[in-house]
Every structure is written in C-alpha cells, then in structure tokens.
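# Structure at a glance
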Number of protein chains: 2
Amino acid sequence: MATGAAAVIIGNEVLTAKVEEQNGAFLIQRLRQAGVPLRLLTIVPDEVDAIVEAVSRARAVAQYVFTSGGIGPTHDDVTVRAVALALGRAVVRHPELEQEVRAYFGERLTPQGLRLAEVPEGAELLRREGVWYPVLSCAGVFMLPGVPQLFRIQLETVLARLPCSPVFLKTVHVAASEPEIAGVVDQVALAFPEVGIGSYPQFERGLDHKVRITIEAARAELVEAATADLLARLPADRVVRVLA
Amino acid sequence: MATGAAAVIIGNEVLTAKVEEQNGAFLIQRLRQAGVPLRLLTIVPDEVDAIVEAVSRARAVAQYVFTSGGIGPTHDDVTVRAVALALGRAVVRHPELEQEVRAYFGERLTPQGLRLAEVPEGAELLRREGVWYPVLSCAGVFMLPGVPQLFRIQLETVLARLPCSPVFLKTVHVAASEPEIAGVVDQVALAFPEVGIGSYPQFERGLDHKVRITIEAARAELVEAATADLLARLPADRVVRVLA
C-alpha cells in the first residue's frame, strides 16, 4: 500500500509567475517536521484534465494527497470537479455545507457562491474553530485553499488528524570531490537499502568541504549504523564533520 | 502538437526539505519573461520510475521539457537513465563527451566519474563558453544540473536556442467579493476562449480591492477586447484600477 503524501498545486497564477509559489514550499517544510514523507509535488494549471491526471498519479504513489487552490466560486475553481472525476465520484451539493454557505453570504449569495457547497460524493468536512469554510476530505484527498494564509491554517487542520512519525538524519561534510567518493557512497547505499543516502556537491567559495552526504531513515539505529559504515570507508583525513 | 514547456525537478533533497527549492521558482520567472508558457511542473524523488513517469507526462503536454538535477557521478544521479527510458532509447557513452570528461578529471578520474560521459542515444551536446560540461539535449528534453548557480547558467544556454514570443497581460483590481463578480467573470471567459482569465481574491488587510482579475493572451488586441468587455459588465463604481 502507498504511504506518505503527495501534493497537487493548482494554479495558472503560479505557472505564469503572477504569484510566487508559497504553498508547496511550506508544505515540504511542514511535512518534514511532521515526519510524513513527501513522494511527489506537481504544479498544474486550472484545467480539469490536468488536475485529474495529477491527482490520479498522486494517489498511485501516496496515501494522502493535498491539493492547493481551485476552491471557490469562479470559473477557474475546478478542483472539486476534478477530484471527483479522479475518484470516480459524482459532484453533489452537501446539505450541511449549503446551510453554512447560505448563512455566511446571507443576502449577498449568488448562484456562483453556491458552488462552494459542492463536494465529491461522500466527502467529509474537516472543521476548525474560527474558519467558516471546512477542508473537504475524500478518499485520502484533502482539498486546501490556495490563499497562503488559509492554506497554512487548514494544513494544520488536516495534520492534526494524521498519524505522524519523525525521521532521523545525519549529515557528513567531506573535503573531497563527488567523483572521488562516489564509489564509497554507492557501497553504503547498497549495504543499507532502508536508509536514504544523498550526495550534494557544494559550489560556494570558502567552504571547508566539497560534498555533503545525508543519511536518513525511520529508525535512529539504522542511521547510526550507515553513518559508521560510511566513516569507516571514507579516508579519515577527508571527513570534516558529522552533524546530527 | 504540444507547445510550451514542462519541468521535472529531480531531488530527494527538495522533497525532504534539506534544500529549499530554487530552480523551479527561477524557471517559472524566466520562462514567463521569455514568453514560453509553462504547462506543468513536477518535483520527484531520485528514483528512476518516478522520473520516467514524470518525463513521459511532461512530454505529453509540452514541446520542451526541462529536467533539473540528478546529473552527476553518484548512485542517486539517475536522470540520464530515466530520460533514456522515457524516450525508449539506450544509454550510450558519448565519445566526444568521454574525451572531455577524461581531460577534465585527468588522474583523478574514477569509474564513477565516467558516468558523466553517458547520454541517451542520439543526444546533442549544447555548449556554453566557460562551462566545461554541456547541456544534454534529446528529443526536446533538456537535462540541466540541479546546483542552482549552474542551473541558471545552463537554462540560458537552452533558451538562447528556442524561439520565444511575449505574452500580453492586464490586471483589474475590483472592490467586490469574488462571489459577487463570479458570474461576470464567467461570461467574459466564455466569450473569449483564447484569453486566459484568472480571478484571485486578496485577503491582506488595508487593500482598496478584494479581487484581482488577470487577462492574458498571445495577442495584445485580444487582451484589450476582453478587458473592455469585462469593464463594460462590471459595476463601474467597483473597478478600482486597470494595470497594464
């Protein structure tokens, strides 16, 4: 079964550089803190086909899917419809949500405003005190608003309901070029298949190391063992430091 | 035929928040300036299957595909292999590139270093003065390095070779809530199918408008006509300003 999370950021405004992308960057940081591995992040235009495709792919690789944007009353707000298509469900008007939408807008309610009461069939409403509109949740897909201030608040509404586990990480700074140590890094990666090992060459001037190697896993003892193995294989005079 | 561009950002370091994503954000800005529409941006881990899938999808929706990262000598550098798989081509050692790799590393060359001479069969080398390693280009896929300084330089190497056309944009600030004007915006979008119309509610305090409407197209006269239509349909006292 797929685990972890995937994100689908919906918005022409991001792809056309009218708005700087913030929600993906925030989600990446926040999921890391929460110990939820992120498998995939896609930014797509406000087009039903593109969203359906991205949500389907996201569901294939991850247990939880977060969408950002395309929730609202205008013609470019097509997320609910696209998620419903990706899930093979109808779009229905949610009676309880309709009441809330009517109460919220009162006399200012327009036919377009009522689109806010539409959900993929079977969707749950995740509520948070102080925010009138809920997060729509359906089959592991959480539909978050695109406005960054609201996205952040509603991401917490979802995360508070997910089981979270931390990830353990060590970083080794090495004073050798990446090709010189690539063989050693390969051997450690091969010996510890459950450990994620990354190798990142550094090109800033004035650093005392040329490569950073990251070692991470869901269990601390695996990180310890892989780090010890790496240190044993590297030339001792090239290891600058080990960071926890 | 597909037009525009798509991006595949490769890197566990981005998805796990060890490195802040820079290349996607830069690419979005730079393509906008160059008038190349961006259709899709995906961030995937350093895994062959995930990259193959993302590159295949990118090629289905866009004429040009930019990959970022996974070019190098270590075990997590799998971009060349994945792009070759997505294109149905073999990975081969490029004789000219091999000479250059040998010349660059000299006695420090390792077997892993020679991986830098491998390319999808039929790849072209796009060169730039002052950078020893070229951009690999194959069937519309441009394989750029993940290190941000190098990514930016090599993106220019590619863009200098692409035909570019500008996009025209106007923005209208409106002092009405999004549901109140959604019907009008829908009508304009329907009347001008070649014009991209976006509606973005603003939630910052102290603004004199509640919604920004963007109107863009490849031809200036289309933008003019759609803007005039929108202004004719909106209540005049709610239009705060029109920005070119």
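I will try to describe carefully the structure that is included in this document. (Residues numbered from 1 in each chain as written. Chains lettered and ligands numbered in written order. Predicted model: local features only at pLDDT ≥ 70, side-chain atom pairs only at ≥ 80, totals over all residues. Heavy atoms only, no water.)

## Section: the overall build of chain A
Of the regular secondary structure elements, chain A holds eight helices and twelve strands. The C-alpha radius of gyration computed for chain A amounts to 22 Å, which surpasses the reference 18 Å derived for 244 residues by more than 25%, pointing to a less compact arrangement than a globule. Along the first, second and third principal axes, the C-alpha set of chain A runs to 75 × 35 × 35 Å. Considering chain A as a whole, with its 244 residues, one finds that 54% of them fall into the buried category. Across chain A, contacts joining residues at least 24 apart in sequence account for 69% of those joining residues at least 6 apart. Separation between the mean location of the 24 positive side-chain charges and that of the 29 negative ones in chain A comes to 2 Å. (Helix = DSSP H or I, 4+ residues; strand = E, 2+ residues; numbered from the N terminus. Rg over C-alpha atoms; globule rule 2.2 N^0.38 Å. Buried < 20%, exposed > 50% of the residue type's maximum accessible area, 1.4 Å probe, protein only. Contact = heavy atoms within 4.5 Å. Lys, Arg positive; Asp, Glu negative; His and termini not counted. Charge placed at Lys NZ, Arg CZ, Asp CG, Glu CD.)

## Observations concerning the relation of the copies chain B and chain A
At an RMSD of 0.0 Å, chain B and chain A line up after a rotation of 180° and a shift of 0.0 Å along the axis. Both copies of the chain, as the preceding transformation shows, are related through a two-fold rotation axis. No C-alpha of chain B approaches the rotation axis more nearly than that of B:Thr42, which lies at 2.1 Å. The overlap is high: 98% of the interface residues of chain B also sit at the interface in chain A, so the same surface is used on both sides. (Least-squares fit on C-alpha atoms with pLDDT ≥ 70 in both.)

## As for the interface of chain B and chain A
Residue-level contacts link 54 residues of chain B with 53 residues of chain A. Together chain B and chain A conceal approximately 4400 Å² of surface at their shared face, both sides included; 61% is due to carbon and sulfur atoms. When the area that chain B buries against chain A is broken down by residue, the three leading residues are B:Lys18, B:His75 and B:Pro179, summing to 13%. Our enumeration of links across chain B and chain A arrives at six salt bridges. Linking A:Lys18 and B:Glu216 is a salt bridge whose minimum nitrogen-to-oxygen distance equals 2.7 Å. Within the residue set of the side of chain B that touches chain A, elements represented by two or more residues are helix 1 (12-15), helix 2 (23-34), strand 2 (38-44), helix 3 (48-61), helix 6 (148-159), helix 7 (178-191), strand 10 (196-201) and strand 11 (211-217) of chain B. (Buried area = accessible area lost by both parts, 1.4 Å probe. Salt bridge = Lys/Arg side-chain N within 4 Å of Asp/Glu carboxyl O.)

## Description of the pairing of strand 9 (residues 168-174) of chain B
All names here are of chain B. With five of its seven residues buried, strand 9 lies for the most part within the structure. As paired strands, strand 9 and strand 11 are joined by seven bridges and run antiparallel to one another. Among the inter-strand pairings, Phe168 is bridged to a residue of strand 11, identified as Ala217. With four bridges joining them, strand 9 and strand 12 (residues 239-243) adopt antiparallel strand pairing. (Pairing = 2+ DSSP bridges.)

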